[in-house]
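# Secondary and tertiary structure notes
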Amino acid sequence: MDQKRAVIFLTASPDPEQREPLMLKDILFCPILSWVARKLEGDGVERFFVVCGAEDAEKARACFPPETDVELSDAHPPLLDFVSGAERVIVVPRPVIPASRAGEGYVYSAEGSALAEGWKSAATIFLQNVDGEKGWIALNSDEDIQNVEPHLRNEVVGRHLAGGVRMLDPTAVYIDPRVEIGRGSFLLPGTILRGNTVIGRDCVIGPNSVVRECTVGDGTEVNASQIFESSVGSGTHVGPFAYVRPGSAIGDGVKVGDFVEVKNSVIGDGTKISHLTYVGDSDVGQRVNFGCGTVTTNYDGFHKYRCTIGDDSFIGCNTNLVAPVRVGKGSYIAAGATITKDVPDDALAVARVQQENKDGWAARRRKMHGK
């Protein structure tokens, strides 16, 4: 059975000041070529040929899902091989964007043999006697992108509203077309959802939150925080003013509170990191309690090291965990400790200078300064 095919010309911008093809520019954080690819795949296209130079091939390939059958080349023979014998080929000859209400024009289809004959000498982008495809509008400049973006934003927002997502102010959220959001989730003003992000059901995102390339479980709240290239479990609370950096996996029922930064770390279910704490390059167990001001000191100026923190441990306020170090299950670390050695399971670690009081010192100092 013949697979439905498409040829996309990644033509250079007509503006000589533009350094990359217009099709590689973003609309709502998503390259225009990704919009085109998603639309064509939804219409049943299974194989793609992108006519582009080697300098743009990597960025163009990233606009398609990894499993998609895509060939990228500006050579003439591979293009003829691709269309020859195909029953029907959709051709995208110029920068376009899908629009549900657009009529015919700008994108066309033809039999593969007709395309092979028409392109025998050179791959001209326009041909006679072809069938126009509906649902596309042309883009010629950055100004066109600026003009069309609000309309596309409204289309994306409308799709999620129809799917049962609530928005306090639909004009104050910005959603990448690749984002998926579960029914019953509530988006507050200032929410920005980017990339291949998946938000579960009954979540609350915002206000003023950014989530990019993440998976967020059901019933999770992200309040005035930023999360990048990470996963967050169900029933978890992030924020306000938290920062989750790439490579993090945060479990279910976790609290990542105000002014907390998590980087490249695993946080087990039920762990509480309530405020003013940095957890980097760490493997944290379940039900761990982090006191205010805890820092995993994971970098010595040359290399990064990991901390391992066992289940049910209690990290006192103002603790420094100097990686690599292991904190055992059920252990306690006294407030103000700097931990440089492993802590056994169920132990208490105290690592601070013994307090000494000097009677009358403060009064003598004030007297010396005439106070």
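Let us look at the structure shown here. It should be emphasised that the depicted structure is a prediction, and the values quoted were computed from it without experimental measurement.

## Comments concerning the sheet that holds strand 19 (residues 215-216)
- Taken in spatial order, the 9 strands make up an open sheet running 13-16-19-22-25-27-29-32-35, and their pairing is parallel. The open sheet has two free edges, formed respectively by strand 13 (180-181) and strand 35 (325-327), since each of these has just one partner strand.
- Looking at chain direction, strand 27 (residues 266-267) and strand 29 (residues 282-284) are connected through 2 bridges and run parallel. The partner of Ile-267 across the bridge, within strand 29, is Val-284.

## A short note on the sheet that holds strand 9 (residues 131-134)
- Sheet architecture is open: 6 strands sit in the order 5-4-1-6-8-9, paired in mixed fashion. Both outer strands of the open sheet, strand 5 (69-73) and strand 9, are each paired with one neighbouring strand and no more. On average, each strand axis in the sheet is inclined to that of its neighbour by 30 degrees, with strand direction left out of account.
- Its contacts with the sheet put helix 1 (residues 32-42) on strand 1 (5-9), strand 4 (47-51) and strand 6 (89-92), and the angle it makes with strand 1 is roughly 165 degrees.

## Considering the layout of surface pockets
- Of the pockets and cavities examined, the largest pocket occupies roughly 320 Å³.
- If you go around the largest pocket, the residues you meet are Trp-35, Arg-38, Lys-39, Pro-98, Ala-99, Ser-100, Gly-135, Leu-152, Glu-155, Val-156, Arg-159 and Pro-177.
- Those elements that place two or more of their residues in the lining of the largest pocket are helix 1 and helix 5 (142-162).
- Of the residues in the lining of the largest pocket, the class split is 6 nonpolar, 2 polar and 4 charged.

## Notes on the packing of aromatic side chains
- As enumerated under the stated definition, the model contains 6 aromatic pairs in all.
- Relative to Tyr-243, the ring of Phe-228 lies with its centre 6.1 Å away and its plane at 90 degrees, an arrangement referred to as edge-to-face. On the criterion of sequence distance, the pair formed by Phe-228 in strand 21 (residues 226-228) and Tyr-243 in strand 24 (residues 243-244) is long-range, its members being 15 residues apart.
- Directly above the aromatic system of Phe-186 lies the positively charged group of Arg-166, at a separation of 4.3 Å from the ring centroid.
- The positively charged end of Lys-304 is found above the aromatic ring belonging to Tyr-299, 5.2 Å away from the centroid.

## Focus on the nonpolar core
- In terms of nonpolar packing, the biggest core is built from 78 residues, with Ile-27 and Leu-40 touching the most fellow members.
- Per-element accounting of this core gives the leading share, 6 residues, to helix 1.
- Every residue in contact with Ile-27, bar those within four places of it in the chain, is listed here: Ile-32, Trp-35, Ile-97, Leu-139, Ile-145, Val-148, Glu-149 and Leu-152.
- In terms of nonpolar packing, the next biggest core, distinct from the first, is built from 16 residues, Phe-9, Phe-49, Val-51 and Val-89 among them.

## Points about the pattern of salt bridges
- Throughout the structure, instances matching the rule amount to 14 salt bridges.
- Note that Arg-306 and Asp-283 form a salt bridge whose closest N and O atoms lie 3.0 Å from each other. You can see Arg-306 sitting in the loop between strand 31 (295-297) and strand 32 (307-309) and its partner Asp-283 sitting in strand 29, a full 23 residues away along the chain.
- Relative accessible area serves as the criterion here: at 29%, Asp-283 is assigned to the partly exposed category.
- If you follow the salt bridges from partner to partner, you end up with Lys-263, Asp-281, Asp-283 and Arg-306 in one network.

## Examining the state of the cysteines
- For the structure on display, the rule yields 0 disulfides.
- No disulfide involves Cys-30; its nearest neighbouring cysteine sulfur is the one of Cys-63, lying 7.4 Å away.
- Of the residues examined, Cys-30 reaches a relative accessible area of 0% and is grouped as buried.
- We note that Cys-203 lacks a disulfide partner, and the nearest cysteine sulfur, in Cys-214, lies 12 Å from it.
- A relative accessible area of 1% places Cys-203 in the buried class.

## Quick look at the pairing of strand 8 (residues 104-110)
- With 3 bridges joining them, strand 6 and strand 8 adopt antiparallel strand pairing. Across the sheet, Ile-90 pairs through a bridge with Ser-109, a residue of strand 8.
- The pairing of strand 8 with strand 9 spans 3 bridges and is classified as antiparallel. Each residue of the ladder has a partner; that of Ser-109, found in strand 9, is Asp-131.

## So, a nonpolar patch on the surface
- On the surface, Phe-314, Tyr-332, Leu-348 and Val-350 cluster together to form a nonpolar patch covering roughly 410 Å² of accessible area.
- With respect to the element layout, Val-350 can be found in the loop between strand 38 (348-349) and helix 6 (361-368).
- With a relative accessible area of 53%, Val-350 lands in the exposed category.

## Describing unusual backbone geometry
- In this structure, the amide linkage connecting Gly-206 to the following residue, Pro-207, adopts the cis form with an omega of 0 degrees.
- Position of Pro-207 relative to the elements: it lies in the loop between strand 17 (204-205) and strand 18 (210-212).
- Note that the residue after Gly-239, namely Pro-240, is joined by a cis bond; omega there is 0 degrees.
- As for its placement among the helices and strands, Pro-240 is situated in the loop between strand 23 (237-238) and strand 24.
- Even without glycine at this site, Asp-281 takes up a positive phi of about 50 degrees.

## Section: the side chain of Asp-176
- Checked against the element boundaries, Asp-176 lands in the loop between strand 12 (174-175) and strand 13.
- Only 3.0 Å separates the side chain of Asp-176 from the backbone nitrogen of Gly-195, close enough to count as a polar contact.
- When sequence neighbours within four positions are dropped, the list of residues in contact with Asp-176 reads Leu-28, Phe-29, Cys-30, Val-156, Leu-193, Arg-194 and Gly-195.

Cut-off values and rules
- Residues numbered from 1 in each chain as written.
- Predicted model: local features only at pLDDT ≥ 70, side-chain atom pairs only at ≥ 80, totals over all residues.
- Heavy atoms only, no water.
- Pairing = 2+ DSSP bridges.
- Helix = DSSP H or I, 4+ residues; strand = E, 2+ residues; numbered from the N terminus.
- Axes fitted to C-alpha atoms, helices over the stretch in contact; angles between N-to-C directions.
- Contact = heavy atoms within 4.5 Å.
- 1 Å grid on protein atoms, 1.4 Å probe; cavity = no way out; pocket = protein on both sides within 12 Å on 5 of 7 lines; lining within 4 Å.
- Points joined across faces, edges and corners; volume = space filled by probe spheres on them.
- Nonpolar A, V, L, I, M, F, W, Y, C, P; charged D, E, K, R; others polar.
- Phe/Tyr/Trp six-rings, centres within 6.5 Å; stacked < 30°, edge-to-face > 60°.
- Lys NZ or Arg CZ within 6 Å of the ring centre and 35° of its normal.
- Core = buried A, V, L, I, M, F, W, Y, C linked by side-chain atoms within 4.5 Å.
- Buried < 20%, exposed > 50% of the residue type's maximum accessible area, 1.4 Å probe, protein only.
- Salt bridge = Lys/Arg side-chain N within 4 Å of Asp/Glu carboxyl O.
- Disulfide = S-S within 2.5 Å.
- Patch = residues over 30% accessible without salt bridge, like charges linked within 9 Å, V, L, I, M, F, W, Y side chains within 5 Å.
- Areas by Shrake-Rupley, 256 points an atom, 1.4 Å probe, with all protein chains shown as cover.
- Polar contact = N/O pair within 3.5 Å; in protein donor to acceptor, adjacent residues only side chain to side chain.

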